[in-house]
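# Coordinates in review
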Amino acid sequence: MPDIIVRTHKSYTVQVQQDMGAFPTVLPLLKGPNVAIVCDDNVAPYFDVLAAYLGEKTLTKIVIPAGEAHKNATEYLSILNTLAAAHFTRDDAVISLGGGVVGDLAAFAASTYMRGIGLLAVPTSLLAMVDSAVGGKTAINIEYGKNLCGTFYQPDGVYVNTAFLVTLPRREQMCGWGEIIKYAFLSHTITLADLEGDATPTLIAKCIAIKARLVAEDETEKGKRKLLNLGHTIGHAIERLSGFALSHGECVAKGLAAVVGMSRRYYGLDEEWYRRAMAIVSCKGHDLTCPYGIEEIMAQLTADKKSHQGGVDMVLIDADLQGRIVPLSYDEIRNLML
Ligand SMILES: NC(=O)c1ccc[n+]([C@@H]2O[C@H](COP(=O)([O-])OP(=O)(O)OC[C@H]3O[C@@H](n4cnc5c(N)ncnc54)[C@H](O)[C@@H]3O)[C@@H](O)[C@H]2O)c1
Ligand SMILES: [Zn+2]
């Protein structure tokens, strides 16, 4: 599997493998003598798998409780204090070993400890592999909302290994597929046949390559990177309305289905287009129903941090089944949802 190079202000490589064989090749990225591996209690058993390759380093193991609720300031400060207590300096590094929660939290800590130390991302959930581990967005949640506190901080490298997926629960697999389906609308390199198959290294690498291209063109999300928000404007609203009982990927799938309907109306597309678009969105059997009404969704949209006064830059799907950024007023969004 060829490596993917993410060409941001600092270029780095994403390796996609299906066993640990190639892991030693990323070790030169770890410059200093100290390495902290941050994981959650579900993936903690994989600590020893990485540690086996890190015999030369002084290892610090940081285990946080699993779950979105722990992507918070308490765990963040605890990581910083652990690094300081172990005398980490700017040459040393953090390895994030886990899903998007561990990835965002550990990367935020790495980006701010001594104004930035080394960072190697080892995503273990499908969602983290295809999405959150690449692109440099770090975050924690605060009382007023998800991801409201964070930085842009690119890792030194990303090591994806599909062997980790063996233990990933089915519901989490489906979350990752929600994001993978999104990518089919951002490049024709992902076909319906790909989506109907397994999460192979080839498919994961295709997703990462699409994200890497958009991130390289627009590192800090001023323009084209917004395409990655396809399905997310409505998806985030549903996620918040559910009180986060519905997971991110499940809500993205519902958001994609909503956007298909809105796009059909906006561009005046025919039944055949709708059938093809829905074949993609429904190919993994996600529940695409939206349990909330239009006004409930609208109330969430107006409160979203990505909204601007009077409207939102939505990503719609065009006649060619590809995403397009379309600035829409709240009234237009309401009418397209009807
Ligand atoms: N930074 C970004 O660009 C970006 C993009 C998308 C999502 N995110 C963030 O990512 C988070 C969601 O990520 P997620 O879906 O990976 O959630 P997560 O990290 O909570 O992982 C989901 C669950 O799977 C478990 N898990 C992970 N890997 C496992 C494995 N190999 N075997 C067994 N269990 C495993 C975790 O312990 C957790 O219980 C959210 O906080 C979201 O905001 C960030
Ligand atoms: Zn997402």
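For the structure, see preceding data.
A short tour of the structure in this document, coming up. Worth saying up front: this structure is predicted, and the values here are computed from it rather than measured.

## Quick look at the coordination of the zinc ion (ligand 2)
Every protein donor of the zinc ion (ligand 2) is accounted for by Glu179 (OE), His232 (NE2) and His248 (NE2), and the metal-donor separations fall at 1.9 to 2.1 Å. All donors of the zinc ion (ligand 2) come from a single chain, and their spacing in sequence reads E-x52-H-x15-H. Of this pair, His232 sits in helix 8 (residues 232-241) while His248 sits in helix 9 (residues 248-267), placing them 16 residues apart in sequence.

## Brief notes about empty space enclosed by the protein
In total, this model carries 1 cavity of 30 Å³ or more according to the counting rule given. Here the largest cavity defines a volume of roughly 160 Å³. Within the residue set of the lining of the largest cavity, elements represented by two or more residues are strand 5 (93-98), helix 3 (100-112), strand 6 (118-123) and helix 4 (126-132). Grouping the amino acids of the lining of the largest cavity by side-chain chemistry returns 10 nonpolar, 9 polar and 2 charged.

## Re helix 8
Burial within helix 8 is extensive, with 7 of its 10 residues counted as buried. Along helix 8, the positions that sit buried rather than exposed are His232, Thr233, Ile234, Gly235, Ala237, Ile238 and Glu239. Along its buried surface, helix 8 packs onto strand 8 (145-149), helix 5 (170-184), helix 9, helix 11 (294-303), strand 10 (311-317) and helix 12 (330-337). Looking at the residues trailing helix 8, positive phi occurs at Gly243, about 65 degrees.

## Things to note about the layout of surface pockets
The space that makes up the second largest pocket amounts to roughly 270 Å³. Residue lining of the second largest pocket: 18 residues in total, with Lys254, Ala257, Ala258, Cys290 and Met337 positioned closest to the centre. Those elements that provide at least two residues to the lining of the second largest pocket are helix 9, helix 10 (271-281), helix 11 and helix 12. Take the lining of the second largest pocket: its biggest share by element is 6 residues, from helix 9. Within the lining of the second largest pocket, the residues separate by chemical class into 13 nonpolar, 3 polar and 2 charged.

## Quick look at helix 10
Buried within helix 10 we find Trp273, Ala277, Met278, Ile280 and Val281. All buried residues of helix 10 project into a common sector of 150 degrees when viewed along the axis, lining one side. Looking at the buried side of helix 10, the elements it contacts are helix 5, helix 6 (192-196), helix 9 and strand 10.

## Some points on the nonpolar core
One finds Ile204 and Ile333 to be the most contacted residues of the largest nonpolar core, which totals 90 residues. In terms of residues, this core owes the most to one element, helix 7 (residues 201-217), which gives 9 residues. Taken domain by domain, this core gets at least three of its residues from each of domain 1 (4-168) and domain 2 (226-337). Among the nonpolar cores identified, the runner-up in size contains 22 residues, and Val94, Val101, Ala109 and Ile117 belong to it.

## Considerations on the site of ligand 1
Within the structure, ligand 1 sits among 25 residues, and Asp40, Glu68, Gly100, Ser125 and Thr167 are positioned closest to it. Asp104 has a polar side-chain atom sitting 2.9 Å from a nitrogen atom of ligand 1. In the environment of ligand 1, a nitrogen atom lies 2.7 Å from a nitrogen or oxygen atom belonging to the side chain of Thr167. In isolation ligand 1 offers 860 Å² of accessible surface; the protein chains occlude 89% of this area. Sorting the residues of the shell around ligand 1 by element identifies helix 3, helix 4 and strand 8 as the ones contributing at least two each. When grouped by side-chain class, the residues that make up the shell around ligand 1 number 8 nonpolar, 8 polar and 9 charged.

## Here we look at the pattern of salt bridges
Where charged atoms from two side chains of opposite charge approach closely, those side chains can pair. Per the counting criterion, the structure on display carries 18 salt bridges. With a shortest N-O distance of 3.0 Å, Asp318 and Arg324 are connected by a salt bridge. Taking the relative accessible area as the measure of exposure, Asp318 reaches 9% and is therefore buried. Under the relative-accessibility criterion, Arg324 is labelled partly exposed at 42%. Each of Asp131, Glu179, Lys182 and Lys211 takes part in salt bridges that share partners, so that together they form one network.

## Quick look at unusual backbone geometry
For His87, which is not a glycine, the phi torsion comes out positive at approximately 60 degrees. Mapped onto the elements of the fold, His87 is located in the loop between helix 2 (73-85) and strand 5. Located in the positive-phi region is Asn147, a residue other than glycine, with phi close to 60 degrees. With respect to the helices and strands, the residue Asn147 is situated in strand 8.

What counts and how
- Residues numbered from 1 in each chain as written.
- Chains lettered and ligands numbered in written order.
- Predicted model: local features only at pLDDT ≥ 70, side-chain atom pairs only at ≥ 80, totals over all residues.
- Heavy atoms only, no water.
- Donors = N, O, S within 2.8 Å, 3.2 Å for Na, K, Ca; no water.
- Helix = DSSP H or I, 4+ residues; strand = E, 2+ residues; numbered from the N terminus.
- 1 Å grid on protein atoms, 1.4 Å probe; cavity = no way out; pocket = protein on both sides within 12 Å on 5 of 7 lines; lining within 4 Å.
- Points joined across faces, edges and corners; volume = space filled by probe spheres on them.
- Nonpolar A, V, L, I, M, F, W, Y, C, P; charged D, E, K, R; others polar.
- Buried < 20%, exposed > 50% of the residue type's maximum accessible area, 1.4 Å probe, protein only.
- Contact = heavy atoms within 4.5 Å.
- Arc of directions from axis to C-beta.
- Core = buried A, V, L, I, M, F, W, Y, C linked by side-chain atoms within 4.5 Å.
- Domains from an automatic or database assignment.
- Near = heavy atom within 4 Å.
- Polar contact = N/O pair within 3.5 Å; in protein donor to acceptor, adjacent residues only side chain to side chain.
- Areas by Shrake-Rupley, 256 points an atom, 1.4 Å probe, with all protein chains shown as cover.
- Salt bridge = Lys/Arg side-chain N within 4 Å of Asp/Glu carboxyl O.

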